[in-house]
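Inside the fold
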Amino acid sequence: MKQLHYDVVVIGGGPAGMAAALKAKEKGATVAIIERNEELGGILNQCIHSGFGLSYFKQELTGPEYAELFINQVIAAGIDVYLETMVIDLSRDRQVKAMNQAGMLLLCAGAIVLAMGCRERTRGAIKIPGSRPAGVLTAGLAQRYVNIENRKPGERIVILGSGDIGLIMARRLTLEGMEVLGVYELMPYANGLYRNIKNCLDDFDIPLHLSTTVTNIIGHPHLEAIEVAKVDENFKVIEDSREVIACDTLLLSIGLIPENELSQKSGVSLNPRTNGPLVNEALETDQPGIFACGNVLHVHDLVDNVTLEAEAAGAAAATYALQQKAEAAVGEKRLAENKYSIPLVAGENVGYTVPAKLTSPTQKAGRILFRVRKPLENAAVIIQSGEKTIFQGKPRAFKPSVMEAVQLSPDQINELTAMCDQNSGGQPIIVAVQEVNQ
Ligand SMILES: Cc1cc2nc3c(=O)[nH]c(=O)nc-3n(C[C@H](O)[C@H](O)[C@H](O)COP(=O)(O)OP(=O)(O)OC[C@H]3O[C@@H](n4cnc5c(N)ncnc54)[C@H](O)[C@@H]3O)c2cc1C
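Residues numbered from 1 in each chain as written. Predicted model: local features only at pLDDT ≥ 70, side-chain atom pairs only at ≥ 80, totals over all residues.

**Focus: the overall build of the protein**
Within the protein, the secondary structure is distributed over nine helices and 28 strands. For the protein, whose C-alpha radius of gyration is 23 Å, the value lies close to the compact-globule estimate of 22 Å for 438 residues. Projected onto its principal axes, the C-alpha positions of the protein cover 75 × 60 × 40 Å. For the protein, the proportion of its 438 residues judged to be buried stands at 44%. Considering only residue pairs separated by 6 or more positions, the protein has 65% of its internal contacts joining residues 24 or more positions apart. (Helix = DSSP H or I, 4+ residues; strand = E, 2+ residues; numbered from the N terminus. Rg over C-alpha atoms; globule rule 2.2 N^0.38 Å. Buried ≥ 20, exposed ≤ 12 C-beta atoms within 10 Å, placed from the backbone. Contact = placed C-beta atoms within 7 Å.)

Written as C-alpha coordinates, this is what we have:
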(Lines give C-alpha, C1' and ligand atoms only; values in the text may rest on other atoms or scores of the structure.)
Protein backbone atom coordinates (compact mmCIF):
# COMPACT_ATOMS: atom_id res chain seq x y z
CA MET A 1 0.00 0.00 0.00
CA LYS A 2 1.33 3.46 -0.94
CA GLN A 3 2.23 5.40 2.22
CA LEU A 4 2.21 9.21 2.43
CA HIS A 5 2.90 11.69 5.25
CA TYR A 6 1.27 15.09 5.79
CA ASP A 7 0.99 17.49 8.71
CA VAL A 8 -2.75 17.88 8.07
CA VAL A 9 -5.08 15.60 6.12
CA VAL A 10 -8.52 17.04 5.34
CA ILE A 11 -11.27 14.52 4.60
CA GLY A 12 -13.82 16.06 2.22
CA GLY A 13 -13.27 18.75 -0.42
CA GLY A 14 -16.45 20.83 0.02
CA PRO A 15 -16.38 24.43 1.21
CA ALA A 16 -15.44 23.32 4.74
CA GLY A 17 -12.55 21.11 3.60
CA MET A 18 -11.15 23.73 1.22
CA ALA A 19 -11.25 26.58 3.77
CA ALA A 20 -9.68 24.38 6.46
CA ALA A 21 -6.92 23.23 4.08
CA LEU A 22 -6.11 26.79 2.99
CA LYS A 23 -5.78 28.01 6.58
CA ALA A 24 -3.63 25.02 7.55
CA LYS A 25 -1.37 25.67 4.55
CA GLU A 26 -1.15 29.38 5.42
CA LYS A 27 0.09 28.34 8.87
CA GLY A 28 2.98 26.44 7.26
CA ALA A 29 1.64 22.87 7.34
CA THR A 30 1.89 20.31 4.53
CA VAL A 31 -1.71 19.58 3.57
CA ALA A 32 -3.72 17.05 1.58
CA ILE A 33 -7.44 17.10 0.73
CA ILE A 34 -9.13 13.79 -0.03
CA GLU A 35 -12.39 14.00 -1.98
CA ARG A 36 -14.47 11.10 -3.27
CA ASN A 37 -16.08 13.11 -6.10
CA GLU A 38 -14.36 13.94 -9.36
CA GLU A 39 -14.13 17.63 -8.42
CA LEU A 40 -13.80 19.88 -5.38
CA GLY A 41 -16.78 21.98 -4.22
CA GLY A 42 -19.05 19.51 -2.43
CA ILE A 43 -22.77 20.20 -2.43
CA LEU A 44 -22.18 23.74 -3.77
CA ASN A 45 -21.68 22.34 -7.29
CA GLN A 46 -25.38 21.51 -7.59
CA CYS A 47 -26.68 24.71 -5.91
CA ILE A 48 -26.88 26.92 -8.99
CA HIS A 49 -29.15 29.47 -7.30
CA SER A 50 -27.66 32.67 -5.90
CA GLY A 51 -27.50 33.61 -2.23
CA PHE A 52 -24.03 32.40 -1.30
CA GLY A 53 -21.21 34.56 0.01
CA LEU A 54 -23.24 37.57 1.17
CA SER A 55 -21.40 37.88 4.45
CA TYR A 56 -18.00 36.30 3.60
CA PHE A 57 -17.39 37.89 0.18
CA LYS A 58 -19.94 40.74 0.53
CA GLN A 59 -21.41 39.74 -2.81
CA GLU A 60 -24.15 37.44 -3.97
CA LEU A 61 -22.74 34.35 -5.68
CA THR A 62 -24.12 31.04 -6.92
CA GLY A 63 -22.88 27.85 -5.25
CA PRO A 64 -20.45 26.95 -8.09
CA GLU A 65 -19.11 30.55 -8.13
CA TYR A 66 -18.49 30.42 -4.37
CA ALA A 67 -16.75 27.04 -4.76
CA GLU A 68 -14.64 28.26 -7.68
CA LEU A 69 -13.14 31.09 -5.63
CA PHE A 70 -11.84 28.50 -3.17
CA ILE A 71 -10.82 25.91 -5.78
CA ASN A 72 -8.61 28.53 -7.45
CA GLN A 73 -6.95 29.31 -4.10
CA VAL A 74 -6.41 25.62 -3.33
CA ILE A 75 -4.67 25.17 -6.69
CA ALA A 76 -2.60 28.35 -6.26
CA ALA A 77 -1.53 27.29 -2.75
CA GLY A 78 -0.18 23.97 -4.06
CA ILE A 79 -2.26 21.84 -1.73
CA ASP A 80 -2.19 18.14 -2.69
CA VAL A 81 -5.69 17.13 -3.78
CA TYR A 82 -6.71 13.48 -4.19
CA LEU A 83 -9.92 13.38 -6.25
CA GLU A 84 -12.10 10.32 -6.86
CA THR A 85 -10.54 8.97 -3.68
CA MET A 86 -12.76 7.59 -0.95
CA VAL A 87 -11.63 7.48 2.68
CA ILE A 88 -12.70 4.14 4.07
CA ASP A 89 -11.04 4.08 7.46
CA LEU A 90 -9.63 6.45 10.06
CA SER A 91 -7.77 5.34 13.16
CA ARG A 92 -7.25 7.04 16.53
CA ASP A 93 -3.58 7.55 15.67
CA ARG A 94 -4.62 9.56 12.60
CA GLN A 95 -3.92 7.02 9.88
CA VAL A 96 -6.24 7.48 6.94
CA LYS A 97 -6.97 4.57 4.59
CA ALA A 98 -8.30 5.66 1.22
CA MET A 99 -9.06 3.98 -2.06
CA ASN A 100 -9.02 5.13 -5.67
CA GLN A 101 -8.55 3.63 -9.11
CA ALA A 102 -4.81 3.29 -8.52
CA GLY A 103 -5.40 1.21 -5.39
CA MET A 104 -5.11 1.75 -1.66
CA LEU A 105 -3.41 4.71 0.02
CA LEU A 106 -2.29 5.11 3.62
CA LEU A 107 -1.94 8.71 4.73
CA CYS A 108 -0.28 9.32 8.08
CA ALA A 109 -1.23 12.71 9.48
CA GLY A 110 -0.14 14.96 12.33
CA ALA A 111 -3.72 16.21 12.49
CA ILE A 112 -6.99 15.40 10.75
CA VAL A 113 -9.81 17.73 9.75
CA LEU A 114 -13.16 15.98 9.35
CA ALA A 115 -15.14 17.82 6.64
CA MET A 116 -17.35 15.10 5.15
CA GLY A 117 -20.58 17.13 5.08
CA CYS A 118 -23.95 15.46 5.59
CA ARG A 119 -26.54 13.37 3.82
CA GLU A 120 -30.30 13.73 3.50
CA ARG A 121 -32.83 11.90 5.63
CA THR A 122 -34.93 9.53 3.55
CA ARG A 123 -38.43 8.11 3.81
CA GLY A 124 -37.25 5.38 6.18
CA ALA A 125 -36.25 7.99 8.78
CA ILE A 126 -39.85 9.10 9.27
CA LYS A 127 -41.52 5.80 8.34
CA ILE A 128 -44.22 7.03 5.94
CA PRO A 129 -46.65 4.13 5.38
CA GLY A 130 -47.76 2.93 1.94
CA SER A 131 -46.33 1.29 -1.15
CA ARG A 132 -42.74 1.76 -2.31
CA PRO A 133 -43.11 3.24 -5.78
CA ALA A 134 -40.64 5.11 -7.98
CA GLY A 135 -41.11 8.87 -7.74
CA VAL A 136 -40.28 9.34 -4.05
CA LEU A 137 -36.89 11.03 -3.75
CA THR A 138 -34.96 13.46 -1.60
CA ALA A 139 -34.91 17.12 -2.58
CA GLY A 140 -31.12 17.15 -2.94
CA LEU A 141 -31.22 14.19 -5.34
CA ALA A 142 -33.88 15.98 -7.41
CA GLN A 143 -31.60 19.03 -7.41
CA ARG A 144 -28.76 16.92 -8.77
CA TYR A 145 -31.03 15.43 -11.48
CA VAL A 146 -32.20 18.85 -12.65
CA ASN A 147 -29.07 20.98 -12.24
CA ILE A 148 -26.31 18.52 -13.11
CA GLU A 149 -27.80 15.59 -15.05
CA ASN A 150 -30.47 17.55 -16.97
CA ARG A 151 -33.17 15.06 -15.97
CA LYS A 152 -36.76 15.79 -14.99
CA PRO A 153 -37.97 14.11 -11.79
CA GLY A 154 -41.71 14.33 -12.71
CA GLU A 155 -44.62 16.58 -13.68
CA ARG A 156 -46.85 17.06 -10.61
CA ILE A 157 -44.75 17.51 -7.51
CA VAL A 158 -45.50 17.58 -3.77
CA ILE A 159 -42.77 18.56 -1.31
CA LEU A 160 -42.68 17.34 2.27
CA GLY A 161 -40.67 19.59 4.59
CA SER A 162 -40.11 23.33 4.48
CA GLY A 163 -36.32 23.25 4.96
CA ASP A 164 -34.25 25.39 2.61
CA ILE A 165 -33.49 22.60 0.14
CA GLY A 166 -37.22 21.89 -0.32
CA LEU A 167 -38.02 25.57 -0.77
CA ILE A 168 -35.21 26.11 -3.29
CA MET A 169 -36.41 23.07 -5.23
CA ALA A 170 -40.04 24.27 -5.25
CA ARG A 171 -38.88 27.35 -7.18
CA ARG A 172 -36.40 25.47 -9.36
CA LEU A 173 -38.92 22.86 -10.53
CA THR A 174 -41.53 25.57 -11.19
CA LEU A 175 -39.02 27.49 -13.32
CA GLU A 176 -38.31 24.27 -15.23
CA GLY A 177 -42.01 23.92 -16.10
CA MET A 178 -43.13 21.39 -13.49
CA GLU A 179 -46.19 21.93 -11.33
CA VAL A 180 -45.44 22.16 -7.60
CA LEU A 181 -48.76 21.50 -5.88
CA GLY A 182 -47.65 22.52 -2.40
CA VAL A 183 -45.12 22.26 0.42
CA TYR A 184 -46.30 20.37 3.52
CA GLU A 185 -44.70 20.93 6.92
CA LEU A 186 -45.29 18.97 10.14
CA MET A 187 -44.32 21.86 12.41
CA PRO A 188 -46.60 24.87 12.98
CA TYR A 189 -43.85 27.09 11.50
CA ALA A 190 -41.68 27.01 8.37
CA ASN A 191 -38.20 25.52 8.78
CA GLY A 192 -36.38 27.40 6.03
CA LEU A 193 -34.91 30.89 5.97
CA TYR A 194 -37.47 33.72 5.68
CA ARG A 195 -35.93 34.91 2.40
CA ASN A 196 -36.47 31.46 0.87
CA ILE A 197 -40.16 31.35 1.92
CA LYS A 198 -40.65 34.73 0.26
CA ASN A 199 -38.53 34.20 -2.89
CA CYS A 200 -39.29 30.53 -3.54
CA LEU A 201 -42.92 30.05 -2.44
CA ASP A 202 -44.75 33.37 -2.09
CA ASP A 203 -43.38 34.80 -5.34
CA PHE A 204 -44.59 31.70 -7.25
CA ASP A 205 -47.94 31.26 -5.43
CA ILE A 206 -46.88 27.85 -4.10
CA PRO A 207 -48.95 27.08 -0.99
CA LEU A 208 -47.25 26.19 2.30
CA HIS A 209 -49.39 23.93 4.54
CA LEU A 210 -48.20 24.03 8.15
CA SER A 211 -49.04 21.39 10.80
CA THR A 212 -49.64 18.93 7.94
CA THR A 213 -47.84 15.74 6.95
CA VAL A 214 -47.88 12.92 4.41
CA THR A 215 -49.71 9.92 5.88
CA ASN A 216 -49.72 7.50 2.93
CA ILE A 217 -47.92 6.83 -0.33
CA ILE A 218 -50.06 5.33 -3.09
CA GLY A 219 -49.11 3.72 -6.42
CA HIS A 220 -47.18 0.84 -7.96
CA PRO A 221 -44.75 0.70 -9.70
CA HIS A 222 -44.86 4.54 -9.90
CA LEU A 223 -46.27 7.08 -7.47
CA GLU A 224 -49.89 7.99 -8.27
CA ALA A 225 -51.01 9.92 -5.19
CA ILE A 226 -50.22 10.76 -1.62
CA GLU A 227 -52.47 11.22 1.38
CA VAL A 228 -51.88 14.24 3.61
CA ALA A 229 -53.45 15.10 6.97
CA LYS A 230 -53.37 17.90 9.52
CA VAL A 231 -51.77 17.21 12.91
CA ASP A 232 -52.67 18.60 16.33
CA GLU A 233 -50.24 20.27 18.77
CA ASN A 234 -49.01 16.79 19.83
CA PHE A 235 -48.36 15.88 16.16
CA LYS A 236 -51.27 13.41 16.21
CA VAL A 237 -53.09 13.07 12.90
CA ILE A 238 -56.53 14.74 12.82
CA GLU A 239 -58.55 11.92 11.25
CA ASP A 240 -61.19 13.91 9.37
CA SER A 241 -58.53 16.10 7.74
CA ARG A 242 -57.13 13.31 5.54
CA GLU A 243 -56.98 14.26 1.85
CA VAL A 244 -55.65 12.40 -1.23
CA ILE A 245 -53.62 14.41 -3.74
CA ALA A 246 -52.84 13.04 -7.21
CA CYS A 247 -49.17 13.53 -8.03
CA ASP A 248 -46.28 11.65 -9.66
CA THR A 249 -43.40 12.88 -7.50
CA LEU A 250 -42.87 13.34 -3.77
CA LEU A 251 -39.76 15.25 -2.74
CA LEU A 252 -38.54 14.81 0.82
CA SER A 253 -36.81 17.74 2.48
CA ILE A 254 -36.91 16.39 6.00
CA GLY A 255 -33.49 17.11 7.37
CA LEU A 256 -29.81 16.33 7.05
CA ILE A 257 -27.62 13.92 8.99
CA PRO A 258 -23.89 14.64 9.48
CA GLU A 259 -21.75 11.90 7.86
CA ASN A 260 -19.94 10.58 10.91
CA GLU A 261 -19.40 6.88 10.28
CA LEU A 262 -15.66 7.52 9.76
CA SER A 263 -15.45 9.76 12.81
CA GLN A 264 -16.92 7.00 14.94
CA LYS A 265 -14.37 4.52 13.58
CA SER A 266 -11.66 6.73 15.08
CA GLY A 267 -13.42 6.78 18.45
CA VAL A 268 -14.79 10.34 18.20
CA SER A 269 -17.80 10.89 20.50
CA LEU A 270 -20.92 12.41 18.96
CA ASN A 271 -23.47 14.86 20.30
CA PRO A 272 -26.78 12.97 20.20
CA ARG A 273 -28.68 16.16 19.35
CA THR A 274 -26.62 17.11 16.28
CA ASN A 275 -25.10 13.74 15.32
CA GLY A 276 -21.89 15.72 14.96
CA PRO A 277 -18.69 15.36 17.03
CA LEU A 278 -18.49 16.94 20.48
CA VAL A 279 -15.80 19.59 20.08
CA ASN A 280 -14.04 22.13 22.26
CA GLU A 281 -13.41 25.80 21.44
CA ALA A 282 -10.61 24.83 18.99
CA LEU A 283 -13.09 22.50 17.19
CA GLU A 284 -11.02 19.53 18.37
CA THR A 285 -12.96 16.34 19.03
CA ASP A 286 -12.34 14.15 22.07
CA GLN A 287 -9.69 12.31 20.01
CA PRO A 288 -6.49 14.43 20.20
CA GLY A 289 -5.49 15.93 16.85
CA ILE A 290 -8.83 15.18 15.14
CA PHE A 291 -10.80 18.35 14.33
CA ALA A 292 -14.21 18.84 12.69
CA CYS A 293 -16.00 21.62 10.79
CA GLY A 294 -18.86 22.33 8.40
CA ASN A 295 -21.94 20.17 8.02
CA VAL A 296 -20.22 17.10 9.46
CA LEU A 297 -20.05 19.00 12.76
CA HIS A 298 -23.57 20.49 12.71
CA VAL A 299 -25.95 21.39 9.90
CA HIS A 300 -25.37 25.00 8.85
CA ASP A 301 -27.80 27.41 7.27
CA LEU A 302 -25.27 29.50 5.32
CA VAL A 303 -22.05 28.45 3.65
CA ASP A 304 -20.38 31.67 4.89
CA ASN A 305 -20.63 30.28 8.44
CA VAL A 306 -19.16 26.98 7.23
CA THR A 307 -16.14 28.82 5.83
CA LEU A 308 -15.45 30.79 9.02
CA GLU A 309 -15.74 27.68 11.17
CA ALA A 310 -13.51 25.65 8.82
CA GLU A 311 -10.80 28.32 8.82
CA ALA A 312 -10.68 28.07 12.62
CA ALA A 313 -10.50 24.26 12.47
CA GLY A 314 -7.75 24.33 9.82
CA ALA A 315 -5.65 26.80 11.80
CA ALA A 316 -6.03 24.77 15.01
CA ALA A 317 -5.18 21.51 13.21
CA ALA A 318 -1.99 23.03 11.74
CA THR A 319 -0.96 24.43 15.13
CA TYR A 320 -1.46 21.02 16.72
CA ALA A 321 0.48 19.13 14.01
CA LEU A 322 3.37 21.61 13.83
CA GLN A 323 3.72 21.73 17.61
CA GLN A 324 3.90 17.94 17.77
CA LYS A 325 6.46 17.87 14.97
CA ALA A 326 8.63 20.50 16.69
CA GLU A 327 8.54 18.58 19.96
CA ALA A 328 9.48 15.36 18.17
CA ALA A 329 12.37 17.11 16.36
CA VAL A 330 14.04 18.18 19.62
CA GLY A 331 13.34 14.82 21.16
CA GLU A 332 11.01 16.22 23.82
CA LYS A 333 8.26 14.02 25.03
CA ARG A 334 4.92 15.76 24.72
CA LEU A 335 3.63 16.76 28.15
CA ALA A 336 1.01 14.43 29.46
CA GLU A 337 -2.43 15.59 28.37
CA ASN A 338 -3.29 17.36 31.60
CA LYS A 339 -6.51 18.76 30.27
CA TYR A 340 -9.86 19.20 31.91
CA SER A 341 -12.92 20.76 30.42
CA ILE A 342 -15.96 22.73 31.42
CA PRO A 343 -19.11 21.70 29.56
CA LEU A 344 -21.09 24.29 27.63
CA VAL A 345 -24.68 23.26 28.20
CA ALA A 346 -27.70 24.05 26.00
CA GLY A 347 -30.08 25.74 28.46
CA GLU A 348 -33.65 27.03 28.12
CA ASN A 349 -34.87 27.06 24.48
CA VAL A 350 -31.43 26.12 23.08
CA GLY A 351 -31.03 22.88 21.06
CA TYR A 352 -27.24 22.56 21.13
CA THR A 353 -24.04 24.60 21.27
CA VAL A 354 -20.78 24.44 19.31
CA PRO A 355 -18.37 24.18 21.08
CA ALA A 356 -19.84 21.76 23.59
CA LYS A 357 -17.01 22.32 26.07
CA LEU A 358 -14.07 24.58 26.87
CA THR A 359 -10.81 22.78 27.44
CA SER A 360 -7.99 24.05 29.57
CA PRO A 361 -5.84 25.75 28.44
CA THR A 362 -8.46 27.43 26.25
CA GLN A 363 -7.52 28.53 22.73
CA LYS A 364 -9.29 31.85 23.32
CA ALA A 365 -11.68 31.41 20.39
CA GLY A 366 -14.73 33.37 21.41
CA ARG A 367 -17.46 32.30 18.97
CA ILE A 368 -20.34 30.26 20.35
CA LEU A 369 -22.83 28.88 17.80
CA PHE A 370 -26.27 27.49 18.63
CA ARG A 371 -29.84 27.10 17.43
CA VAL A 372 -33.09 27.70 19.32
CA ARG A 373 -35.61 24.85 19.59
CA LYS A 374 -38.72 26.89 18.67
CA PRO A 375 -39.56 30.35 17.29
CA LEU A 376 -39.40 33.08 19.96
CA GLU A 377 -40.91 36.52 19.38
CA ASN A 378 -38.96 38.46 22.00
CA ALA A 379 -36.10 36.80 23.83
CA ALA A 380 -32.47 37.37 24.80
CA VAL A 381 -29.33 35.24 24.90
CA ILE A 382 -27.88 34.78 28.35
CA ILE A 383 -24.64 32.92 29.10
CA GLN A 384 -24.09 32.07 32.76
CA SER A 385 -21.88 30.03 35.00
CA GLY A 386 -23.45 29.48 38.39
CA GLU A 387 -24.65 32.90 39.56
CA LYS A 388 -22.27 34.76 37.26
CA THR A 389 -23.57 36.25 33.98
CA ILE A 390 -20.89 36.26 31.29
CA PHE A 391 -22.97 37.54 28.38
CA GLN A 392 -26.41 39.14 28.11
CA GLY A 393 -27.83 39.88 24.63
CA LYS A 394 -30.46 42.39 23.55
CA PRO A 395 -34.09 41.21 23.22
CA ARG A 396 -35.11 40.18 19.67
CA ALA A 397 -36.83 37.43 17.66
CA PHE A 398 -35.28 33.95 17.15
CA LYS A 399 -36.06 31.16 14.63
CA PRO A 400 -34.83 27.54 14.69
CA SER A 401 -33.87 27.80 11.00
CA VAL A 402 -31.27 30.47 11.76
CA MET A 403 -27.93 29.54 13.26
CA GLU A 404 -27.08 32.01 16.01
CA ALA A 405 -23.55 33.18 16.82
CA VAL A 406 -22.41 34.99 19.94
CA GLN A 407 -19.03 36.61 19.59
CA LEU A 408 -17.59 37.13 23.05
CA SER A 409 -15.39 40.16 23.75
CA PRO A 410 -11.73 39.71 24.76
CA ASP A 411 -12.72 40.47 28.40
CA GLN A 412 -15.44 37.84 28.34
CA ILE A 413 -13.04 35.31 26.82
CA ASN A 414 -10.45 36.08 29.49
CA GLU A 415 -13.09 35.59 32.15
CA LEU A 416 -14.04 32.20 30.70
CA THR A 417 -10.38 31.25 30.34
CA ALA A 418 -9.71 32.10 33.98
CA MET A 419 -12.74 30.06 35.05
CA CYS A 420 -11.60 27.19 32.90
CA ASP A 421 -8.09 27.31 34.36
CA GLN A 422 -9.30 27.45 37.96
CA ASN A 423 -12.27 25.20 37.70
CA SER A 424 -11.47 21.53 37.35
CA GLY A 425 -14.69 20.69 35.62
CA GLY A 426 -17.41 21.39 38.17
CA GLN A 427 -19.50 24.36 37.08
CA PRO A 428 -20.94 24.17 33.54
CA ILE A 429 -21.49 27.24 31.37
CA ILE A 430 -25.13 27.49 30.37
CA VAL A 431 -26.23 29.10 27.10
CA ALA A 432 -29.94 29.99 27.22
CA VAL A 433 -32.41 32.13 25.30
CA GLN A 434 -34.94 33.52 27.75
CA GLU A 435 -38.26 35.05 26.75
CA VAL A 436 -38.61 38.69 27.75
CA ASN A 437 -41.95 40.01 28.97
CA GLN A 438 -42.88 43.21 27.16
C1 LIG B 1 -29.97 22.56 -1.68
C2 LIG B 1 -29.08 23.42 -0.86
C3 LIG B 1 -29.23 24.77 -0.90
C4 LIG B 1 -28.38 25.60 -0.17
N5 LIG B 1 -28.54 26.95 -0.28
C6 LIG B 1 -27.67 27.78 0.37
C7 LIG B 1 -27.72 29.19 0.14
O8 LIG B 1 -28.57 29.71 -0.58
N9 LIG B 1 -26.80 29.97 0.77
C10 LIG B 1 -25.84 29.42 1.57
O11 LIG B 1 -25.01 30.16 2.09
N12 LIG B 1 -25.79 28.07 1.81
C13 LIG B 1 -26.66 27.23 1.22
N14 LIG B 1 -26.58 25.86 1.41
C15 LIG B 1 -25.66 25.32 2.43
C16 LIG B 1 -24.22 25.05 1.98
O17 LIG B 1 -24.19 24.61 0.66
C18 LIG B 1 -23.63 24.00 2.92
O19 LIG B 1 -23.71 24.51 4.21
C20 LIG B 1 -22.15 23.67 2.59
O21 LIG B 1 -22.02 23.19 1.29
C22 LIG B 1 -21.59 22.61 3.58
O23 LIG B 1 -20.21 22.43 3.29
P24 LIG B 1 -19.39 21.14 3.76
O25 LIG B 1 -18.04 21.28 3.15
O26 LIG B 1 -19.51 20.95 5.21
O27 LIG B 1 -20.16 19.90 3.12
P28 LIG B 1 -20.31 19.43 1.59
O29 LIG B 1 -20.48 20.58 0.67
O30 LIG B 1 -21.38 18.40 1.61
O31 LIG B 1 -18.90 18.73 1.27
C32 LIG B 1 -18.51 17.50 1.87
C33 LIG B 1 -17.58 16.79 0.92
O34 LIG B 1 -17.01 15.67 1.58
C35 LIG B 1 -16.89 14.60 0.63
N36 LIG B 1 -16.80 13.32 1.36
C37 LIG B 1 -17.70 12.81 2.25
N38 LIG B 1 -17.29 11.63 2.73
C39 LIG B 1 -16.09 11.36 2.13
C40 LIG B 1 -15.19 10.27 2.19
N41 LIG B 1 -15.40 9.20 2.99
N42 LIG B 1 -14.07 10.32 1.43
C43 LIG B 1 -13.82 11.39 0.61
N44 LIG B 1 -14.66 12.45 0.51
C45 LIG B 1 -15.78 12.44 1.25
C46 LIG B 1 -18.17 14.74 -0.19
O47 LIG B 1 -18.07 14.10 -1.44
C48 LIG B 1 -18.30 16.26 -0.30
O49 LIG B 1 -17.68 16.76 -1.47
C50 LIG B 1 -27.40 25.02 0.67
C51 LIG B 1 -27.26 23.62 0.72
C52 LIG B 1 -28.08 22.83 -0.03
C53 LIG B 1 -27.91 21.32 0.02
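**Observations concerning the environment of Asp164**
Within the secondary structure layout, Asp164 lies in helix H5 (residues 164–175). The buried category is assigned to Asp164, around which 23 C-beta atoms lie within 10 Å. In this structure, Asp164 is in contact with Gly192, Leu193 and Asn196, ignoring residues within four places of it in sequence.

**Some details on the sheet that holds strand E15 (residues 225–230)**
Each strand in a sheet pairs with another by means of backbone hydrogen bonds, the pair being arranged parallel or else antiparallel. Reading across from one edge, E14-E15-E16 is the order of the three strands in this open sheet, with antiparallel pairing throughout. Edge strands, defined here as strands with exactly one partner in the open sheet, are strand E14 (212–218) and strand E16 (243–246). Direction aside, neighbouring strands of the sheet carry axes that sit 30° apart on average. With four bridges connecting them, E15 and E16 associate as antiparallel partners. Looking at E16, one finds that Ala225 is bridged to Ala246. (Pairing = 2+ DSSP bridges. Axes fitted to C-alpha atoms, helices over the stretch in contact; angles between N-to-C directions.)

**Quick notes on the site of the ligand**
Looking at the ligand, there are 37 residues lining it, with Gly12, Gly14, Gly42, Gly117 and Gly294 nearest. Where the shell around the ligand is concerned, the elements lending two or more residues are helix H1 (15–26), strand E3 (50–52), strand E6 (86–90), helix H4 (139–147), H5 and helix H8 (303–329). Among the residues forming the shell around the ligand, the class breakdown is 19 nonpolar, 13 polar and five charged. Counting only domains with at least three residues in the shell around the ligand, you end up with domain 1 (1–118 + 257–337) and domain 2 (122–254). (Near = placed C-beta within 6 Å. Nonpolar A, V, L, I, M, F, W, Y, C, P; charged D, E, K, R; others polar. Domains from an automatic or database assignment.)

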